[in-house]
Amino acid sequence: MPAAAERFLSEGKGRGLQTRKDLQIGELLFTCPAYTHVLTVNERGNHCEHCFTRKEALAKCGRCKLAFYCNVTCQKADWPMHKLECSSLSKFGQNWNPSETVRLVARILVKQKMHPEKTPSEELLAVDEFESHLDKLDNEKRELIESDIAALHHFYSKHLDFPDQATLIELFAKVNCNGFTIEDEELSHLGSAIFPSVALMNHSCCPNVIVTYKGTIAEVRAVKRIGPGEEIFTSYIDLLYPTEDRQDRLRDSYFFTCDCRECATKAKDKEKLEVTKYDEPPKPEAVKDMIKYARNIIEEFRRAKHYKTPSELLEICELSLDKMGSVFEDNNVYMLHMMYQAMGVCLYMQDWDGALRYGQKIIKPYSSKHYPAYSLNVASMWLKLGRLYMGLEHHSAGAKALRKALAIMEVVHGKDHPYIFEIKKELEEK
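Please read all numbers here as calculations on a predicted model, not as lab measurements.

> Please clarify how the sheet that holds strand 8 (residues 189-194) should be interpreted in this entry.
Sheets are built from strands that pair by backbone hydrogen bonding, the pairs being arranged parallel or antiparallel. Overall, antiparallel pairing links the three strands, which are arranged 4-8-7 in an open sheet. The open sheet terminates on both sides in strands that have one partner only, identified here as strand 4 (36-39) and strand 7 (180-183). Strand-to-strand twist in this sheet, taken as the mean axis angle between neighbours without regard to direction, amounts to 25°. Where strand 7 and strand 8 come together, four bridges link them in antiparallel fashion. Across the sheet, the residue bridging to Glu183 is His189, located in strand 8. Across the sheet, helix 2 (residues 100-114) lies against strand 4 and strand 8, angled at about 145° from strand 4, the strand it touches most.

Shown next as structure tokens:
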């Protein structure tokens with residue numbers, strides 16, 4: 001068991017994790033290796049399938065030619081999992097498209113068969129103990145799970161012995177509630193994983209720890225001073241949004257209502273929903289209508305990313321920002337959300353000046369108003385800005401932004417993280 005933390009019964013929340021000693025900001029509380037993990041398809045060739053190391057000249061699998069590894073050691077270690085997909089990748093070709101959840105569940109089934117005993121990832125919580133919230137699933141969620149189960153049978157029948165349907169439904173429900181997304185230093189998606197001991201932590205919109213990843217190992221560090229016996233809280237969601245939006249997301253994905261201080265007081269909502277400061281402020285009805293529009297356009301854009309061109313996506317962003325700007329200030333979180341999407345599209349289109357313009361508008365409210373002091377969202381934005389400045393030969397501004405990112409990342413990732421060395425190298429080279 002991690003020396004600094006222990007499992008306990010949290011009042012009103014069920015199981016939880018508490019500290020056993022004083023923790024300073026940036027102190028490592030515990031680490032947890034992935035029970036199992038899967039690299040996202042888009043990162044194949046950039047990262048090792050087994051350890052997620054990012055490097056050039058990775059060696060490819062001789063059979064499917066689609067999985068890449070640091071060396072023979074990583075390839076052999078990954079074979080029990082990769083063999084689930086190796087032959088079917090060749091067989092199905094472009095039609096091989098199981099979701100990451102399906103791929104993760106396939107690996108869990110193999111892992112449970114290979115290692116029925118408790119693994120090092122389960123020191124504080126076992127996979128079998130995960131909550132499924134089956135009784136709270138609506139018809140849409142059940143249909144999605146049944147679709148995933150059909151894909152599991154379709155793509156993995158050669159190598160898996162399947163449990164019965166009810167067991168599979170429960171396992172998918174557990175993974176949906178307890179799985180983790182692994183992201184890189186710019187918060188780009190790298191893959192999905194199961195970290196059982198990390199899943200024991202309860203949520204708060206005022207978290208006192210943060211989870212980062214070193215390859216396929218999760219690391220939990222304090223972002224506030226924590227005393228012995230205090231409960232450890234992480235955030236399950238992006239903290240940018242107002243209380244109602246956060247609560248909707250938590251209820252939809254995790255089936256609970258948050259009662260943290262932030263949600264009880266709604267203290268930051270007025271600032272998050274800042275409206276224009278003309279001589280005559282917008283009427284309450286106009287603000288309410290625009291909030292409804294903002295929520296709808298955010299969802300519309302999320303769906304549009306799957307079928308519209310980058311130019312069309314950028315137009316959605318620009319039109320929505322123009323419309324919302326008649327009621328909302330630029331610091332309003334819905335404006336910032338669409339600016340962030342626009343920045344992402346500009347980066348994809350290699351419109352570096354456009355991306356920089358959006359990033360410059362985003363960073364101040366991100367860092368001074370809407371996120372905690374040690375936030376991955378703020379660090380990643382400073383990092384993107386720093387790299388954009390450097391690429392556009394604005395070296396002084398680039399170095400300043402990279403150092404701002406480093407100041408946060410040395411706390412949340414630890415000073416010995418590979419990302420820290422990479423950024424320091426970028427600074428030295430310029």
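Now that the structure is up, let's keep going.
> Please clarify how the side chain of Thr119 should be interpreted in this entry.
Tracing the backbone shows Thr119 in the loop between helix 2 and helix 3 (139-156). Here Thr119 falls in the buried class, since its relative accessible area comes to 8%. Discounting residues that sit within four places of it in the chain, Thr119 has contacts with Tyr35 and Lys111.

> I tried to follow the layout of surface pockets on my own but got confused; where do I start?
In this structure, the second largest pocket occupies an estimated 300 Å³ of space. Every residue lining the second largest pocket is counted, 18 residues in all, and those nearest its centre are Ala34, Tyr35, His37, His50 and Lys111. Where the lining of the second largest pocket is concerned, the elements lending two or more residues are strand 4, helix 1 (72-92) and helix 2. It is helix 1 that contributes the most residues to the lining of the second largest pocket, four residues altogether.

> How do you make sense of helix 3 when you look at a structure like this?
Residue pairs spaced three or four apart in an α-helix point in one direction, given the helix's 3.6 residues per turn. Between its first and last C-alpha atoms helix 3 spans 25 Å; for 18 residues at 1.5 Å apiece the expected length is 26 Å, and the two agree. Along helix 3, the positions that sit buried rather than exposed are Ile145, Asp148, Ile149, Ala151, Leu152, Phe155 and Tyr156. Buried residues in helix 3, looked at end-on, bunch into an arc of 160°, giving them a common side. Exposed residues on helix 3 whose side chains face more than 90 degrees from its buried face are Asn139, Glu140 and Glu143. Next to the buried residues of helix 3 lie helix 1, helix 2 and helix 4 (165-178). The opening residue of helix 3 is Asp138, an N-cap whose side-chain oxygen sits 3.3 Å from the backbone nitrogen of Glu140.

Conventions used here
Residues numbered from 1 in each chain as written. Predicted model: local features only at pLDDT ≥ 70, side-chain atom pairs only at ≥ 80, totals over all residues. Heavy atoms only, no water. Pairing = 2+ DSSP bridges. Helix = DSSP H or I, 4+ residues; strand = E, 2+ residues; numbered from the N terminus. Axes fitted to C-alpha atoms, helices over the stretch in contact; angles between N-to-C directions. Contact = heavy atoms within 4.5 Å. Buried < 20%, exposed > 50% of the residue type's maximum accessible area, 1.4 Å probe, protein only. 1 Å grid on protein atoms, 1.4 Å probe; cavity = no way out; pocket = protein on both sides within 12 Å on 5 of 7 lines; lining within 4 Å. Points joined across faces, edges and corners; volume = space filled by probe spheres on them. Expected span 1.5 Å × (residues − 1). Arc of directions from axis to C-beta. Polar contact = N/O pair within 3.5 Å; in protein donor to acceptor, adjacent residues only side chain to side chain.

Keep in mind these numbers describe shape, not what the thing actually does.
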